[in-house]
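# Per-entry structural report
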Amino acid sequence: MPESKPFQFRSSTVKLPQFHPMPEPKPFQFHSSTVKIPQFSPLNHHHHRHRRPPLPLASITSLINDSKHHFTQFISSIINKFQQIIQNPPKLLNPNSPVLCSASLSLTEETGELTQSSKVITNRNDDERVLISEVLVRNKDGEELERKDLEEEAIAALKKCRSNSALTVREVQEDVHRIIGSGYFSSCMPVAVDTRDGIRLVFQVEPNQDFQGLICEGANALPTKFIEDKFRDGYGKIVNIRRLDEVINSINGWYMERGLFGLVSGVEILSGGILRLQVSEAEVNNITIRFLNKTGEPTTGKTRPETILRQLNTKKGQVYSMLQAKRDVDTLLAMGIMEDVSIIPQPAGDSGKVDLTINAVERVSGGISAGGGISSGITSGLAGLIGSCALYHRNLFGRNQKVNLSLERGQIDSIFRINYTDPWIEGDDKRTSRTIMIQNSRTPGTLVHGPHGTQSNNSSPTITRITGGIEYSRPFRPKWSGTAGLIFQRAGARGERGEPMIKDSHNCPLTASGNNHDDMLLAKVESVYTGSSDPSSSLFVVTMEQGLPVWLEWLAFNRVTARARKGLVFGPARLNLSLSGGHVACNFPPHEAFPIGGTNSVRGYEEGDIGSGRSYAVGCGEISFPMVGPVEGVMFADYGTDLGSGSTVLGDPAGARSKPGSGYGYGVGVRVASPLGPLRLEYAFSDQGKGRFHFGVGQRN
């Protein structure tokens, strides 16, 4: 049988680039710097796109994974250079791990003579088995390891290599990988030694250094405390590559959860046990706007670029966040002048930054609209129907300023309104809006001064108001906004033929001053908390109006109102609780008293049939549940009271009509989702045993 050619085990260790030694190990150092990121392909297919109705967005996880691939391309190129000199690269615990302090084993065929101290004779076939008499773990100089726990870790990693066992080259190589995979060693060399007792297999290992400090570069968005907490437990202990890989994944996960373009791009162990962590973050370089028509072709936009750019929370120099980009898209759509908006990130050359392109499709700026509705003060017949038309422009001067001329007309109701709104005053950095309004209205006075029960309708008055005012609003905390303004109002009452009235059919005054009309200048302050746009979310609104007696006959009174809503979800069902109340102090017009009862108050009663008071409180509980498609069922119960304040209203209009002052109602109904809001059809019973239908559009006030 021909003699087999000898083989020798050799190790080629992947070494890290050497750095200048640090004069003194320091526990933690953090450096913020811009890190160059290799150029990556455009992400046109990963853009945030919202339409009306919204289109589904790409998942954040897939976008981050794609981004991570581009960031780590330069790491892969470094690894490939080392792999060119390695015939059999090791399988690390995580193949995509950026950690470079690993080792590998290669088997090289030799034709020359072997040394007498280190050889093993096998067949050319790697599957040929050789009897091993003893297996040891030593350091790179062949001496015992100083730390027995590391020797035990290496021995525990061995699966095939045991004393008095027959091994193949492949099995030895696999155990070398397992030792490296334990994470405690930077290199491992198997050496076969001939002894009189047989072949001794020695794994010569080089342990990693003890962790003595950290240098983190490029982590501008990552909190310092987060990094410190991740590495604090390992201080003074030997660096474990597996544990380090977990920490790197945790850091990358922090960026992923927040939709940020960032990840760990490099890890190096410097002399003295100092760990250098390189973090790459993609900052926003430039933001450009491109206007498109509905077919996707470039066009000239009517909106000024600065009007769009100031709406964005994403700013130049920030780390790009996909979650923030989605919120920016929602903000741009909420302006009401865009049909479609998308934000596309693209690489800014090889600078490691991203350029953002905003594709905007504008809506038609002006037009005429028409519609209809139901008056809240008229509950019988067709007299409550209202028709409306409006002439509007929602992007005046390309600044998103809006002007609206509207007319609503019914048999009794009529409202003519001119409204101008600047949603963000130029030069203001607090998102302050301004609204100027002029209005002339005629509304029925039946809620307070109309008939009650079986009483005949003896010429119910019509309340006329001429109103003008200016209001300023802005957000001042997350989910909180505030409004302040001045409103002038002249209000009076008219009869069926348009003649002025100062008393109703029950001889109750209709004005507070005793004149044909009341003048008042109201200073208004309002605060609103909104949990979300979901109707079942939390809502809280408090409003205060103070009459300013600029002239002697102008009314001076104080009115405070508040309403709150809370939604709770129980499986498919939803419980909505709401509470509203208010109080008026000093002298005020009787027709401004709080009416209680009706579709938006206590169902089961007609509008205002429970009472009208200087104070009031109304509570409601509803349980809604899905039925078929857009239809859902609802069960409800309402309660309202004037808190005994009906008699304190000038002339006591509620007492003159024998209204009870408090009452409750309960019933069932259905809701149908529509573009106008939910269509509500309900049937309710009052505490007096009477039932009636209620129909409404939109959410209850």
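Scroll up to find the structure.
Since the model is a prediction, treat every value here as computed from it, not as a measurement. (Residues numbered from 1 in each chain as written. Predicted model: local features only at pLDDT ≥ 70, side-chain atom pairs only at ≥ 80, totals over all residues. Heavy atoms only, no water.)

Our next topic: the packing of helix H5 (residues 224-232) against helix H6 (residues 241-257). Remark: H5 packs on H6, axes separated minimally by 10 Å, with the N-to-C direction vectors making an angle of 160°. Taken as axis vectors, H5 and H6 run roughly antiparallel relative to one another. Along this stretch, H5 crosses H6, giving a crossing that reads as right-handed. On the side of H5, the interface is formed by Phe-226, Lys-230 and Phe-231, while H6 contributes Arg-243, Leu-244, Val-247, Ser-250, Ile-251 and Trp-254. A breakdown of the residues in the contact of H5 with H6 according to their chemical character gives six nonpolar, one polar and two charged. (Axes fitted to C-alpha atoms, helices over the stretch in contact; angles between N-to-C directions. Helix = DSSP H or I, 4+ residues; strand = E, 2+ residues; numbered from the N terminus. Parallel < 35°, antiparallel > 145°, perpendicular 65-115°, else oblique. Left-handed = near helix turned anticlockwise from the far one by under 90°. Contact = heavy atoms within 4.5 Å. Nonpolar A, V, L, I, M, F, W, Y, C, P; charged D, E, K, R; others polar.)

Reading across from one edge, E6-E9-E8 is the order of the three strands in this open sheet, with mixed pairing throughout. Only two strands of the sheet have a single partner each, and these edge strands are strand E6 (134-139) and strand E8 (185-195). Here the strands of the sheet are splayed against their neighbours by 25° on average, with no regard to which way each runs. Of the pairings in the sheet, the one linking E8 to strand E9 (residues 198-207) comprises ten bridges and is antiparallel in character. Across the sheet, Cys-188 pairs through a bridge with Val-205, a residue of E9. Of the strands in this sheet, E6, E8 and E9 touch helix H3 (residues 148-157), which is tilted by about 135° from E6. With respect to the sheet, helix H4 (residues 169-181) is in contact with E8 and E9, its orientation differing from that of E8 by roughly 145°. (Pairing = 2+ DSSP bridges.)

Another point: the pattern of salt bridges. Inspection of every chain in the model, using the stated rule, returns 33 salt bridges. As a salt-bridge pair, Glu-151 and Lys-148 come within 3.5 Å of each other at their nearest N and O atoms. With Glu-151 and Lys-148 both in helix H3, this residue pair falls three residues apart, about one helical turn. Among the residues examined, Glu-151 registers a relative accessible area of 14% and is labelled buried. Judged by its relative accessible area of 44%, Lys-148 is partly exposed. Of the charged contacts, one joins Glu-622 and Arg-603 as a salt bridge, the two residues approaching to 3.0 Å between their closest N and O atoms. Taken together, the positions of Glu-622 in strand E30 (residues 615-628) and Arg-603 in the loop between strand E28 (594-596) and strand E29 (611-613) put the pair 19 residues apart, joining distant regions of the chain. (Salt bridge = Lys/Arg side-chain N within 4 Å of Asp/Glu carboxyl O. Buried < 20%, exposed > 50% of the residue type's maximum accessible area, 1.4 Å probe, protein only.)

Time to look at H6. Between its first and last C-alpha, H6 extends 24 Å over 17 residues, near the 24 Å set by a 1.5 Å rise per residue. Within the sequence span of H6, burial applies to Ile-241, Leu-244, Asp-245, Val-247, Ile-248, Ile-251, Asn-252, Gly-253, Trp-254 and Tyr-255. Near the N-terminus of H6, the side chain that reaches the backbone nitrogen of Arg-242, with its oxygen 2.9 Å away, is that of Asn-240. Immediately beyond the C-terminal end of H6, within one or two residues, lies Gly-259, with a positive phi of roughly 65°. (Expected span 1.5 Å × (residues − 1). Polar contact = N/O pair within 3.5 Å; in protein donor to acceptor, adjacent residues only side chain to side chain.)

The next thing to look at is the side chain of Asp-638. When you line up the elements, Asp-638 lands in strand E31 (residues 631-641). Looking at Asp-638, its side chain comes within polar contact range of the side chain of Arg-603, at 2.7 Å.

As a further point, take unusual backbone geometry. Phi is positive for Leu-643, which is not a glycine, with a value near 55°. Note that Leu-643 resides in the loop between E31 and helix H10 (653-656). Residue classification places Leu-643 among the exposed residues on the basis of a relative accessible area of 55%. The residue Asp-652 is not glycine, and still its phi comes out positive at about 45°. You can see Asp-652 is positioned in the loop between E31 and H10. For Asp-652, a relative accessible area of 24% translates into the label partly exposed.

On to the environment of Ile-425, then. The topology assignment puts Ile-425 in the loop between strand E19 (414-422) and strand E20 (433-444). With 26 residues separating them along the chain, Ile-425 and Arg-399 place their C-alpha atoms 9.5 Å apart. If near-sequence neighbours (up to four positions away) are discounted, Ile-425 is found in contact with Arg-310, Thr-432, Ser-433, Arg-434 and Tyr-472.

Take the pairing of strand E22 (residues 480-494) next. If a strand is regular, its side chains alternate between the two faces of the sheet. The sheet contact formed by strand E21 (residues 462-477) and E22 spans 15 bridges and is antiparallel. Its bridge partner lying in E22, Arg-465 is registered against Ala-491. Linkage of E21 to E22, two consecutive antiparallel strands, is achieved through a turn of two residues, within which Lys-479 is found at a positive phi near 75°. As paired strands, E22 and strand E24 (residues 517-530) are joined by 13 bridges and run antiparallel to one another. Looking across to E24, one finds that Gly-492 is bridged to His-517. As defined by bridge partners, E22 adjoins strand E23 (residues 500-501) across two bridges and the pair is classed as antiparallel. If you follow Ala-493 over to E23, its bridge partner there is Met-501.

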